[in-house]
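# Survey of secondary and tertiary structure
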Amino acid sequence: MSRTFTIIKPNAVSNGDTGQILDMLATAGFRLCAMKMVCLSRNDAERFYAVHKDRPFFRRLVLFMTSGPVVVAILERENAVESLRQLVGNTDPAKAAEGTIRRKFGESLTRNAIHASDSDANAREEWSHFFAPEEIMETVYWLPCSAEKIDSD
């Protein structure tokens, strides 16, 4: 098993697409190791996207990523990085293959619904912006946290 990192972007969150995107991830065999909803500050977004700071789209990207809440998650499955990037599709939703997340939920090159890490090393670096080690579970299989038997009514 390997892990990767994703961000469901502000447009997808505000459009109510988060649940459908999480369902597509689960259907594709991804399991959650960590997830939360956050609002990025300008400083957070600039640090996260620092690799693009000299690119012409950097300011627009930072403004977009700070425009509303995002959902960040660490996902696990075999060949996680490559598998997620295939499911996410091309950065440009108009060029993304049918059945991909960006094709279904993306609006434009910037407002493309979801971020996916491009390597194992970058995934670890990216999730470290959002998660402390104690927030990362081995995997989540949707079992109760309590060891006690839950009685049904």
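Report follows, based on the coordinates. Since this is a predicted model, take the numbers as computed values, not measurements. (Residues numbered from 1 in each chain as written. Predicted model: local features only at pLDDT ≥ 70, side-chain atom pairs only at ≥ 80, totals over all residues. Heavy atoms only, no water.)

### As for the overall build of the chain
Along its length, the chain carries 7 helices and 4 strands. In the chain, the order of α-helices and β-strands from amino to carboxyl end is β-α-α-β-α-α-β-α-α-β-α. Since a compact globule built from 153 residues should have a radius of gyration of about 15 Å, the 16 Å found for the chain is in line with a globular shape. In terms of overall dimensions, the chain has a C-alpha envelope of 55 × 35 × 30 Å along the principal axes. Within the span of the chain, comprising 153 residues, buried residues form 42% of the whole. Counted over contacts in the chain with a minimum sequence separation of 6, partners at least 24 positions apart contribute 76%. Carbon together with sulfur atoms contributes 51% to the accessible area of the chain, which is approximately 9,000 Å² in total. (Helix = DSSP H or I, 4+ residues; strand = E, 2+ residues; numbered from the N terminus. Rg over C-alpha atoms; globule rule 2.2 N^0.38 Å. Buried < 20%, exposed > 50% of the residue type's maximum accessible area, 1.4 Å probe, protein only. Contact = heavy atoms within 4.5 Å. Areas by Shrake-Rupley, 256 points an atom, 1.4 Å probe, with all protein chains shown as cover.)

### Things to note about the nonpolar core
If you look at the biggest cluster of nonpolar residues, it comprises 22 residues, and the most contacted ones within it are Phe-5, Ile-7, Met-65, Val-72, Ile-74, Phe-130 and Phe-131. Among the secondary structure elements, those contributing two or more residues to this core are strand S1 (2–8), strand S2 (31–38), helix H3 (42–48), helix H4 (58–65), strand S3 (70–77) and helix H7 (120–127). Of all the elements, H4 adds the most residues to this core, at 5 residues. Counting 20 residues, the second largest nonpolar core, distinct from the first, contains Ile-8, Leu-84, Ile-114 and Ala-116. (Core = buried A, V, L, I, M, F, W, Y, C linked by side-chain atoms within 4.5 Å.)

### Section: the packing of aromatic side chains
Under the counting rule described, the total for this entry stands at 4 aromatic pairs. Ring geometry for Phe-5 versus Phe-48: centroids 6.1 Å apart, planes at 50°, classification tilted. Placement of Phe-5 in strand S1 and of Phe-48 in helix H3 is noted, with a sequence separation of 43 residues between them. The exposure classification of Phe-5 matches that of Phe-48, with both residues buried. A connected cluster of aromatic rings, assembled from ring pairs, spans Phe-5, Phe-48, Tyr-49 and Phe-130. (Phe/Tyr/Trp six-rings, centres within 6.5 Å; stacked < 30°, edge-to-face > 60°.)

### Quick word on the pattern of salt bridges
Two side chains with opposite charge may pair up if their charged atoms get near one another. Inspection of the entire model under this criterion finds 6 salt bridges. Across the pair Glu-135 and Lys-36 runs a salt bridge whose closest N-O atoms are separated by 3.1 Å. With a gap of 99 residues between them, Glu-135 in the segment after H7 and Lys-36 in strand S2 connect regions that are remote in the sequence. Residue classification places Glu-135 among the partly exposed positions, given a relative accessible area of 34%. For the salt bridge of Arg-47 with Asp-44, the shortest nitrogen-to-oxygen distance reads 2.9 Å. Of this pair, Arg-47 and Asp-44 both sit in helix H3, 3 residues apart, which is roughly one turn of the helix. (Salt bridge = Lys/Arg side-chain N within 4 Å of Asp/Glu carboxyl O.)

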